[in-house]
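Structural overview
Listed below are the residues making up each chain.
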Amino acid sequence: MSIHDFIDSQVKSNDVVVFMKGTPQFPMCGFSGQVAHIMGLLGVDYKGINVLDSDEIRQGIKEYTNWPTIPQVFVKGEFVGGCDIVREMYQSGELQTLLEEQGVVVAGRATA
Ligand SMILES: N[C@@H](CCC(=O)N[C@@H](CS)C(=O)NCC(=O)O)C(=O)O
Ligand code: FES
């Protein structure tokens, strides 16, 4: 399977996927850590893919989205953004709305 097809299958078979440095439990970079923190606050069950385990995925995800950095967040197969975008969407409530509209389980209504 090509890297493109691997990424494609991951983002299409999991409601929420975060390409990140480190794991949801142990992020290895503050940017990935911020996304993990927000997902934790919202109680989102997401799949973390650790790009530090694979240079092919680390480069492949940048080509897949045409977005130069990690983390990268996907909801229902659609690229949402990186750390800054996700943080701003969380703060405005847009992220919660998107997750609810997409039918992703959000535990409670955590506020900032
Ligand atoms: N402003 C970015 C911050 C993320 C960022 O700058 N990531 C860098 C450092 S972790 C990166 O992925 N660089 C390319 C690489 O490490 O492959 C965002 O909103 O996500
Ligand atoms: S690993 Fe250095 S800023 Fe993310």
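Predicted, not measured: the structure shown is a model, and the values here were computed from it.

Parameters at a glance
- Residues numbered from 1 in each chain as written.
- Chains lettered and ligands numbered in written order.
- Predicted model: local features only at pLDDT ≥ 70, side-chain atom pairs only at ≥ 80, totals over all residues.
- Heavy atoms only, no water.
- Salt bridge = Lys/Arg side-chain N within 4 Å of Asp/Glu carboxyl O.
- Helix = DSSP H or I, 4+ residues; strand = E, 2+ residues; numbered from the N terminus.
- Buried < 20%, exposed > 50% of the residue type's maximum accessible area, 1.4 Å probe, protein only.
- Axes fitted to C-alpha atoms, helices over the stretch in contact; angles between N-to-C directions.
- Parallel < 35°, antiparallel > 145°, perpendicular 65-115°, else oblique.
- Left-handed = near helix turned anticlockwise from the far one by under 90°.
- Contact = heavy atoms within 4.5 Å.
- Nonpolar A, V, L, I, M, F, W, Y, C, P; charged D, E, K, R; others polar.

Observations concerning the pattern of salt bridges
The tally for this structure, following the rule as stated, stands at three salt bridges. The residue Asp8 makes a salt bridge to Lys12 at a minimum N-O spacing of 3.0 Å. Here Asp8 and its partner Lys12 are both found in helix α1 (residues 3–13), four residues apart, which amounts to about one turn of the helix. What makes Asp8 buried here is its relative accessible area of 18%.

Let's talk about the packing of helix α2 (residues 30–42) against helix α4 (residues 83–92)
Put simply, α2 and α4 touch, their axes get as near as 9 Å, and they point 30° apart. In terms of orientation, α2 and α4 fall into the roughly parallel class. Regarding α2 and α4, the two cross each other, and that crossing is left-handed. Within the contact between the two elements, α2 uses Phe31, Gln34, Val35, Ile38, Leu41 and Leu42 and α4 uses Cys83, Val86, Arg87 and Tyr90. Looking at the contact of α2 with α4 residue by residue, the classes come out as eight nonpolar, one polar and one charged.

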